[in-house]
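# An overview of the molecular structure
So the chains spell out like this:
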Amino acid sequence: MPRRCSCRPGGGATWMRPRRRGMRAGTGITGNCARPLDGRGHPQRGGGAAHGAGADCKQARSPQLKRNLIACLIGLSTNLGLHGMAASCGIPYDVLAWTAEWYIREETLREANIVLVNYHHRLPMTSMFGSGTLSSSDGQRFPTRGKSITARHLNKYFVSEGVSTYTHVSDQHSTFGTKVIVATHREAHYVLDEVLGNATDLPITEHATDTHGVTLVNFALFDLVGKQLSPRIRDLGKITLYRMGAKAEYEERFPAAGPLLTKKANLDLVADHWDDLLRLAGSLKYGHATASLIVGKLSASSRQNALAAALKEYGAMRRTIYAAKYLSDEGYRRKIARQLNKGESIHALRRQLHYAREGKVVRRQPAQQNEQAWCLTVVTNAVICWHSEYMGLAVDELRSAGREVDGEVLAHISPARSSVVNYYGEITVDYERELARLDEGGHRPLRTSAADATSAGL
């Protein structure tokens, strides 16, 4: 018997079980995904994915457009695909395909995600998680099925081939950036892209990464554009620390730290190219060049490239200053580790939501893979918004009842949860209806090839 979820006009796919756990309300995932599409006290009406390529057409939109958009978002984010979603919810495949063709694009999904992130940023409960000034980024690997120009063999993560999605997460648990990259590419090249391209209300000033996101070029560029790079570096004791003067002078002034500063910085090289460094930073900050391209080129440049050498020299000095702060401040180390853990919890939620077809990406073109990654980001942020809002309502209810709820405790609660998500939809058991469909021999009528093409689940 086919699995079905009630996608009906005005209702949508009931993907979250309507139930209550304690004081937390439950709903369908439709209620979460509808936030960028509806305006009843939530993000603005008509925002995000509702503005598709047909937005300027004089022809009136179908009254079922929002329902179809939500079905497309769920189908692509969960990896069911449009065929699988059509078989699950009863909306014809050609309707979903037309909706996805005209409305589901990276730019429209970005707009929808901005609406969700901004709405989440304004929730009272969100301020308990963080101020929105700290973010982190990390890559997440997904296996692929079939050939793709972005798929690569990586024995550590894939049996066959796979891709990476590089996501940027704020300290409020919202994801504001997503990009599909080749799994064998260095993640450090893409760290600065979404930080500079952040179009949300999040006031990002500091960014954390793991060792894979660290280069001397990144240390320099983050400082030049007015941001702080705060990575968790593996084997920090093995990096080279720089000093500004003579070795004897520093060992005399700093008996404990002086011997650790083993190399003298070339200040003249940095000073000679300072204007060029500022022009480079200006080009990145105002969007005249992409950070991933510049970082990749300069990181691969030899010492004969004077600009790259000056940038790396300045980055080495900034890394030395950061290492001194990181090693001397335990609270700062905990702050960075806590933010990176938030990113890992978001990745776990994304992995759970992307469950169909064993989590294997079947789309082959980079543009299609980016669209699917952004659909997953929008649905993930919808789940985060739902939990944050109802956690806040539960806290208000407890406090109004006279119970004390410590704000410091709330800071350690994560909305990246999937406990109320029903991954299997609704299964309709209609025994009498199924018996009525049998012929005299007790068999169902054979389906035609046309029916198979529109209702296939794979």
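With that settled, consider the packing of helix H5 (residues 106–122) against helix H15 (residues 366–400). Between H5 and H15, the shortest axis-to-axis distance is 9 Å and the interhelical angle comes to 15 degrees. With respect to their mutual orientation, H5 and H15 come out roughly parallel. As for the relative orientation of H5 and H15, their crossing is left-handed in sense. On H15, the residues that touch Glu106, Leu109, Arg110, Asn113, Leu116, Val117, Tyr119 and His120 of H5 are Asn370, Glu371, Trp374, Cys375, Thr377, Val378, Asn381, Ala382, Ile384, Cys385, Ser388 and Glu389. Per-class residue counts for the contact of H5 with H15 are 10 nonpolar, 6 polar and 4 charged.

A separate point is the pairing of strand E4 (residues 175–182). Burial runs high along E4: 7 of the 8 residues are buried. Bridge analysis of strand E3 (residues 161–170) against E4 gives 7 bridges, and the strand direction is antiparallel. Directly across from tyrosine 166, in E4, lies its bridge partner lysine 179. Here E3 folds back onto E4, and the loop between the two strands holds 4 residues, one of which, histidine 173, carries a positive phi near 75 degrees.

Enumeration according to the criterion identifies 14 salt bridges in this entry. Close ionic contact of arginine 318 with aspartate 223 constitutes a salt bridge, the shortest N to O distance being 3.5 Å. Placement of the pair is arginine 318 in helix H13 (residues 306–328) and aspartate 223 in helix H8 (residues 216–224), with a sequence separation of 95 residues. For arginine 318, a relative accessible area of 22% puts it in the partly exposed group. Between arginine 334 and glutamate 330 there is a salt bridge, with the nearest N and O atoms lying 3.1 Å from each other. Taken as a pair, arginine 334 and glutamate 330 lie in helix H14 (residues 330–353) at a separation of 4 residues, close to a single helical turn.

What follows covers unusual backbone geometry. Positive phi outside glycine occurs at histidine 173, with the angle close to 75 degrees. If you trace the backbone, histidine 173 turns up in the loop between E3 and E4. Given a relative accessible area of 3%, histidine 173 falls into the buried group. Backbone geometry at aspartate 235 places phi at a positive 55 degrees, although glycine is not the residue there.

Our focus in this paragraph is the packing of helix H3 (residues 81–89) against helix H4 (residues 93–103). At a closest axis distance of 9 Å, the pairing of H3 and H4 adopts a crossing angle of 135 degrees. The angle between the axes of H3 and H4 places the two elements in the oblique class. The crossing of H3 and H4 is right-handed. Residues Leu82, His83, Met85 and Ala86 of H3 touch H4, and the partners they reach there are Tyr93, Leu96, Ala97 and Ala100. Considered class by class, the residues forming the contact of H3 with H4 number 7 nonpolar, 1 polar and no charged.

Let us look at H4. Buried within H4 are the following residues: Leu96, Thr99, Ala100 and Tyr103. Angular distribution of buried residues about the axis of H4 spans 95 degrees; they occupy a single face of the element. Facing away from the buried side of H4 by over 90 degrees, the exposed positions are Asp94 and Glu101. Looking at the packing, one finds that the buried side of H4 touches helix H2 (65–77), H3 and H5.

As a further point, take a nonpolar patch on the surface. Residues Tyr431, Leu435 and Leu438 make up a contiguous nonpolar surface patch of roughly 300 Å² in combined accessible area. As for its position among the elements, leucine 438 is in the loop between helix H17 (431–436) and helix H18 (449–455). Residue leucine 438 is classed as partly exposed on the basis of its relative accessible area, which comes to 32%.

This brings us to the packing of aromatic side chains. One pair of aromatic rings is described through two measures. These are the centre distance and the angle between the planes. Applying the stated criterion to the full structure yields 9 aromatic pairs. Relative to tryptophan 102, the ring of tryptophan 98 has its centre 6.2 Å away and its plane inclined at 35 degrees; by these criteria the two rings are tilted. Linking tryptophan 98 with tryptophan 102, this pair stays in helix H4, spanning 4 residues, or about one helical turn. Look at tyrosine 250 and phenylalanine 254: their rings are 5.8 Å apart centre to centre, the planes differ by 45 degrees, and that puts the pair in the tilted class. Ring-pair connections join several aromatic residues into one group, and the members of that group are Phe219, Tyr322, Tyr326 and Tyr332. Its end group placed over the ring of tyrosine 250, arginine 253 keeps NZ or CZ at 5.6 Å from the ring centre. The positively charged end of lysine 325 is found above the aromatic ring belonging to tyrosine 332, 4.3 Å away from the centroid.

For the rest of this paragraph, the subject is the environment of glutamate 251. Here glutamate 251 shows up in helix H9 (residues 247–253). Each C-alpha atom of the pair glutamate 251 and leucine 261 lies 8.7 Å from the other, and the pair is 10 residues apart in sequence. Look past the residues within four positions of glutamate 251 in its chain and what remains in contact with it is Gly258 and Pro259.

Reading guide: rules and limits
Residues numbered from 1 in each chain as written. Predicted model: local features only at pLDDT ≥ 70, side-chain atom pairs only at ≥ 80, totals over all residues. Heavy atoms only, no water. Axes fitted to C-alpha atoms, helices over the stretch in contact; angles between N-to-C directions. Helix = DSSP H or I, 4+ residues; strand = E, 2+ residues; numbered from the N terminus. Parallel < 35°, antiparallel > 145°, perpendicular 65-115°, else oblique. Left-handed = near helix turned anticlockwise from the far one by under 90°. Contact = heavy atoms within 4.5 Å. Nonpolar A, V, L, I, M, F, W, Y, C, P; charged D, E, K, R; others polar. Buried < 20%, exposed > 50% of the residue type's maximum accessible area, 1.4 Å probe, protein only. Pairing = 2+ DSSP bridges. Salt bridge = Lys/Arg side-chain N within 4 Å of Asp/Glu carboxyl O. Arc of directions from axis to C-beta. Patch = residues over 30% accessible without salt bridge, like charges linked within 9 Å, V, L, I, M, F, W, Y side chains within 5 Å. Areas by Shrake-Rupley, 256 points an atom, 1.4 Å probe, with all protein chains shown as cover. Phe/Tyr/Trp six-rings, centres within 6.5 Å; stacked < 30°, edge-to-face > 60°. Lys NZ or Arg CZ within 6 Å of the ring centre and 35° of its normal.

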